[in-house]
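Read off the chains here:
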Amino acid sequence: MQKVYTLRTLPGSKSSEIPDWMADLNPQQQAAVMHSGGPSVIIAGAGTGKTKTLVYRVAWLLEKGIPVNSILLLTFTRKASEHMLARVSAFNQAGGQVTGGTFHSFSNLVIREFGHHIGYGANFTILDKGDAQDRVDLLRNQLLQNLPKTRFPKKGTLLDIFSSHRNTGRPIEDIINSEYPQFQHLLDPIEKLFTGYQDHKKRYSLADYDDLLFLCRDLVRDHESVRTALNKRFKYILVDEYQDTNPVQAELVERIAGPDGNLMVVGDDAQSIYKFRGADFKNFLGFPERYPNAAVFKLEENYRSVQPILDVANSVMSQAAEKFEKTLFTKKPEGQLPVLITAPDENYQNQFIISRILDLREEGIPLSQQAVLFRSARNSYSLELELNANHIPFEKRGGNKFAESAHIKDMISYLRLLMNPKDVVSWNRVLQMVDGIGPKSADDIIRMLEESGIDNRVSEMVSPRYRTQLTLLLDTLTAWTADKEFKAIVDELIRFYRPVFEKRYFEDYPKREKDLDAFQAVSLKFSSIESFLSHLALDPVSFTQEDTLGTHADEAPLILSTIHSSKGLEWHSVFVMDLLDGILPSTFTLDKTEDLDEELRLFYVAVTRAKENLYLVYPGIQFHRQFNNYFTKPSRFITSLPDRLLEKWMLSAADDASTETKQIE
DNA sequence: CCGTACAATGTTTTT
DNA sequence: CATTGTACGG
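Residues numbered from 1 in each chain as written. Chains lettered and ligands numbered in written order. Predicted model: local features only at pLDDT ≥ 70, side-chain atom pairs only at ≥ 80, totals over all residues. Heavy atoms only, no water.

**Examining the pairing of strand β16 (residues 610-619)**
With eight of its 10 residues buried, β16 lies for the most part within the structure. Bridge count between strand β11 (residues 339-343) and β16: five bridges; the pairing is parallel. Residue pairing across strands places Thr 342 opposite Tyr 618, the latter belonging to β16. Here five bridges tie strand β15 (residues 571-576) to β16, and the two strands are oriented parallel to one another. (Buried < 20%, exposed > 50% of the residue type's maximum accessible area, 1.4 Å probe, protein only. Helix = DSSP H or I, 4+ residues; strand = E, 2+ residues; numbered from the N terminus. Pairing = 2+ DSSP bridges.)

Right, dumping it as C-alpha cells:
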C-alpha cells in the first residue's frame, strides 16, 4: 500500500531589501538565504540549487558581518564537502576559512582538541575499516581460542554487526536474529567480542569511524565545558544532506547548536540512501516537530535536467510505497527522451557505452561531462578493462580505496608506531614483514616490547634467525622517533620498505610501484605524521585522484562511480548500467518494502544526475556466480515506467559495435 | 614455527 | 576474484 505524506510550508522571514547579487536566486531560495536566525530546514529536491543556496547563505552571513570562523558547514560525504567549500571560497574569498567538512573529520578535530576529558590524547589513531577488522581478528583469536574458526563469523561480518548495532541502536541479538540467523547460537561469544573490542580501542587510544561520532557526541553531551566552548565558537551551523544523518550525528549538531541555535539543515527525503548506516529519511522531515519554531523552505524548481529526464524521475518516485509529496519541474522543457538500451550481453553493453561516449565526445561533450553509474563497485570491472583497451582516461569513485591496499597499509603501520608505540596491530604487521617472523614470534616480541617500548635490547632475547633484521628494524624506528623532520622520515621509510615490498609482492610489485611515489607525493603536503595519517583515513579520495591517476593525463577523465558516490554531482550525459533485477534492486532487498524503497531512491538519485542525456542500459543476460544462474530480467524499476517516457533501443548481435568482441571470441 | 602452494568460500552501498 | 583456511616441506 502506498503512503503519501504532505508537508506544510511555513513562510520564512520576509525581507524587503534583496541585494543585487542575489538576483539569480528564486524567491524561495532568497528567503532561505536571508533567513534571520533560529532553526530552519530546507527541503530541496534534486537539482533545485541546494548547494547554491547554502553557498549564498554563507556569503550573506559574511556580508552581515558574521565572523567567518563562527560558521560551521557540515556535510555527509567527502566529495560533497570538497565541492561545497570550493564554491564558497570561489564566491567569497573569506569563505575559504569556513570550518567545514564531513561529520567524521569535524569530530576528529574536536576529539583531538578536547579528547583528554575522556581519555583520548591528541595523538589517538583512527582505524579505517581494514584496521578495525584486523583488530577484531586479533581479539577473536585471543578471546575465543576454544571456538572453531570455520563456523564463526568472519572479521568483516563481525564488524558489520557491531557497526549496525551502534548506528541503529538495535541490540546485537536483534540484528543476528533477523539478518544472521545462522549465528544465533554464537550470540554470547559475539557479544563478548564486542565488549572486548570496545575495551581494546579505549585502552590503546584507537577510534574507528563510528567512534569518531560517538566520542564527539559524548564530549558534547557529557562535558559542559566542551559544549559551551563549541556553542560559543559556532554561531551558525549549516548541515547538508541532512536526510542521511543518523541519530548520533543529528544529536551532535543539535547539541552544538543549542535549543535556539542557528541551525539550518538541508536535504531531500527522496535521496535518502544510507539506511544501512542508521539514517532514516523520516527524521529529516521530523525536524520541524523537534523545533516547532523552525522555518521551513521548500525548493521544487529544478535547474539541472531537461523535462523528459524529470518526467522519468518523478515517475520513478511515484512508485515508492512511502513518500512525501513532491514534484520536480523545470523551465528547460526541450530535450532528448531518455533512452532504454537492451544489449544482448555484458560485452555489448560495454561496447555500446564506449561507442556512445566517443560519439558524444565527437559532438563536443568532454569526457569529464559524462559519467557511468552503477549499483556496486564491481559492476564496472569489465567496462574498466575495455576503457583501458580503448585508451579512454577514467576516474573511478567508490569501491576499494587507495589507502586500503596492502602495500600502503604496510607503510602506514610504520608511521603509526612512531605516533603510538603501543599500537599492537601495527606492531603485528611490521614485525611479520621481517623475514622469519610469523604470527607466533610476532606475538612473543610484542609482549616483550609492551614492557620496554621500542628498545633493541629485545633483539638479544630472540632467535638468532632474525636477530639482525629485528635489531635493524628497532634501531630504525628509534632513529625516526628521534628525528622530528617528517619529510626525511618518509624518504627513509620508502628506502627501508622497498626491499620488503619487492619480496612481499613479488607477483605484481611493478604494478604497485607507482603507489609508493604517490604516497610520498601526498605526504609532502603535510607537516606532521598525525595530520598525514588523519588525512589518509578520512580523505582518501583526493589521494587516488590527483596522484595515482591523471596528473599527467592530457584530457580530464570520464567518471565511473557507484550511485552512492555520485550524490550531489551532475553531468551532461549519464549512463546507468546493469539495470537488472537482482542488481538494482539488489537481491538483498527484494523481500522488504522498506529496503526496496531505498533501492528505488537510489535509482532516483542516478536518474537525477543527468542534465541533458540519460541512457539506461542492461544486458539481456548476465551470469551471477553466487547463485550459479543468470539474471535475465530488467530491473522492475524500469519495466514499470510508462512507455511514452522512454525511447527504446534494442542492440542486436549483428550491430557493428560488437565486431571487436566477435574477433576476441 | 615459518613460508608457500593450493583449495574453498562468499561477495551492496560509505565514513 | 580476493580473501581465508589447510596441508606440507624446510
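The rest of the description comes next.
**A word on empty space enclosed by the protein**
Taken as a whole, this structure holds eight cavities of 30 Å³ or more when the rule is applied. Considered as a void within the structure, the largest cavity measures approximately 70 Å³ in volume. Taken together, Lys 50, Thr 51, Lys 79, Ala 80, His 83, Met 84, Asp 240, Glu 241, Lys 567, Gly 568 and Leu 569 make up the full set of residues lining the largest cavity. With four residues, the top contributor of residues to the lining of the largest cavity is helix α3 (residues 78-91). Residues that form the lining of the largest cavity fall into these classes: three nonpolar, three polar and five charged. (1 Å grid on protein atoms, 1.4 Å probe; cavity = no way out; pocket = protein on both sides within 12 Å on 5 of 7 lines; lining within 4 Å. Points joined across faces, edges and corners; volume = space filled by probe spheres on them. Nonpolar A, V, L, I, M, F, W, Y, C, P; charged D, E, K, R; others polar.)

**Looking at the nonpolar core**
Here is a general trend for soluble globular proteins: nonpolar side chains tend to be buried in one another's company. Ranked by size, the top nonpolar core spans 70 residues in total, and within it Tyr 414 and Phe 519 carry the most contacts. Counting residues per element, this core draws most heavily on helix α21 (residues 486-504), which supplies nine residues. (Core = buried A, V, L, I, M, F, W, Y, C linked by side-chain atoms within 4.5 Å.)

**Some details on the sheet that holds strand β4 (residues 99-102)**
The pairing of strands in a sheet happens through backbone hydrogen bonds and is either parallel or antiparallel. The strand order across the open sheet built from six strands is β4-β3-β7-β8-β2-β9, with neighbouring strands paired in parallel fashion. The open sheet has two edge strands, β4 and β9 (295-299), and neither has a second partner. Each neighbouring strand pair of the sheet contributes to a mean axis angle of 15 degrees, computed without reference to strand direction. Of the pairings in the sheet, the one linking strand β2 (residues 40-44) to strand β8 (residues 262-267) comprises four bridges and is parallel in character. Residue pairing for β8: Ser 40 is matched across the bridge by Met 264. Lying on the sheet, α3 is in contact with β3 (71-75) and β4; it crosses β3 at an angle near 145 degrees. (Axes fitted to C-alpha atoms, helices over the stretch in contact; angles between N-to-C directions. Contact = heavy atoms within 4.5 Å.)

**Regarding the sheet that holds strand β19 (residues 647-650)**
Strands sit in the order β13-β14-β12-β15-β16-β11-β19 across an open sheet of seven strands; the sheet is parallel. Since the sheet does not close on itself, it has two edges, and those belong to β13 (394-397) and β19, each with one partner. Along the sheet, successive strands turn relative to each other by an average axial angle of 20 degrees, direction set aside. Contacts between helix α15 (residues 346-362) and the sheet are confined to β11, β12 (370-374), β14 (558-562), β15, β16 and β19, with β16 contributing the most and set at about 160 degrees to the helix. The sheet contacts of helix α26 (residues 593-607) involve β12, β15 and β16, and relative to β16 the element is tilted by about 130 degrees.

**Section: the packing of helix α18 (residues 424-432) against helix α19 (residues 439-452)**
Put simply, α18 and α19 touch, their axes get as near as 9 Å, and they point 130 degrees apart. Taken together, the axes of α18 and α19 lie oblique to each other. Our pair here, α18 against α19, has a crossing hand that is right-handed. Here α18 contributes Val 424, Trp 427, Asn 428, Leu 431 and Gln 432 to the contact with α19, which in turn contributes Pro 439, Ala 442, Ile 445, Ile 446, Leu 449 and Glu 450. For the contact of α18 with α19, a count of residues per class yields eight nonpolar, two polar and one charged. (Parallel < 35°, antiparallel > 145°, perpendicular 65-115°, else oblique. Left-handed = near helix turned anticlockwise from the far one by under 90°.)

**Section: the pattern of salt bridges**
Across all of its chains, the model carries 44 salt bridges by this definition. For Asp 131, the salt bridge identified is with Lys 409, shortest N-O distance 2.8 Å. Note that Asp 131 is positioned in helix α5 (residues 129-143) and Lys 409 in helix α17 (residues 406-419), a separation of 278 residues in sequence. Each member of the pair, Asp 131 as well as Lys 409, is classed as buried. The salt bridge partner of Asp 131 is Arg 416, with a shortest N-O separation of 3.0 Å. Taken together, the residues Asp 131 in helix α5 and Arg 416 in helix α17 connect sequence positions 285 residues apart. Owing to a relative accessible area of 4%, Asp 131 belongs among the buried residues under this scheme. For Arg 416, a relative accessible area of 8% gives the class buried. (Salt bridge = Lys/Arg side-chain N within 4 Å of Asp/Glu carboxyl O.)

**So, the protein's contact with DNA strand B**
Lining the immediate surroundings of DNA strand B are 29 residues, of which Arg 78, Arg 277, Arg 375, Gly 436 and Ser 441 lie closest. Among all atoms of DNA strand B positioned within 4 Å of the protein, those belonging to sugar or phosphate total 61%. Within the contact set of DNA strand B, a base oxygen lies 3.4 Å away from a side-chain nitrogen or oxygen of His 104. For DNA strand B, a phosphate oxygen lies 3.3 Å from a polar atom in the backbone of Lys 440. Contributions of two or more residues to the surface near DNA strand B are made by α19 and α25 (563-566). When residues of the surface near DNA strand B are assigned to their parent elements, the largest contribution, three residues, is made by α19. Across the surface near DNA strand B, the residue classes tally to eight nonpolar, 12 polar and nine charged. (Near = heavy atom within 4 Å. Polar contact = N/O pair within 3.5 Å; in protein donor to acceptor, adjacent residues only side chain to side chain.)

**A few points about the packing of aromatic side chains**
This structure, assessed with the given rule, holds 23 aromatic pairs. Arranged with centres 5.0 Å apart and planes meeting at 55 degrees, the rings of Phe 162 and Phe 194 form a pair that is tilted. Here Phe 162 is found in helix α6 (residues 155-168), whereas its partner Phe 194 is found in helix α8 (residues 187-203), with 32 residues between them in sequence. Residue classification places Phe 162 among the buried residues on the basis of a relative accessible area of 2%. Accessibility expressed as a relative area gives 13% for Phe 194, which makes it buried. Measuring from ring centre to ring centre gives 6.1 Å for Phe 603 and Phe 637, while their planes differ by 20 degrees; the resulting arrangement is stacked. Of this pair, Phe 603 sits in helix α26 while Phe 637 sits in helix α27 (residues 636-639), and the two are 34 residues apart along the sequence. Here Phe 603 and Phe 637 have matching classes, each one buried. (Phe/Tyr/Trp six-rings, centres within 6.5 Å; stacked < 30°, edge-to-face > 60°.)

**Observations regarding α18**
Counting buried positions along α18 yields eight of nine residues, so the element is predominantly enclosed. Looking only at α18, the buried set comprises Val 424, Val 425, Ser 426, Trp 427, Asn 428, Arg 429, Val 430 and Leu 431.

**Some details on unusual backbone geometry**
Following Leu 584, the chain continues into Pro 585 via a peptide bond in cis, with omega recorded as 0 degrees. Along the chain, Pro 585 turns up in the loop between β15 and α26. With a phi close to 50 degrees, Glu 241 is a non-glycine residue in the positive phi region. Among the residues examined, Glu 241 registers a relative accessible area of 5% and is labelled buried. Here Asp 578, not a glycine, exhibits a phi torsion of approximately 55 degrees, which is positive. Classification of Asp 578 by relative accessible area gives buried; the value is 2%.

**Topic: the pairing of β11**
The buried fraction of β11 amounts to five of the five residues, a majority that puts the element mostly inside the structure. Taking every second residue as pointing to the same face, both faces of β11 are buried, with Val 339, Ile 341 and Ala 343 on one and Leu 340 and Thr 342 on the other. Bridge count for β11 against β19 is four bridges, and the pairing is parallel. In the sheet register, Leu 340 faces β19, and the bridge partner there is Lys 648.

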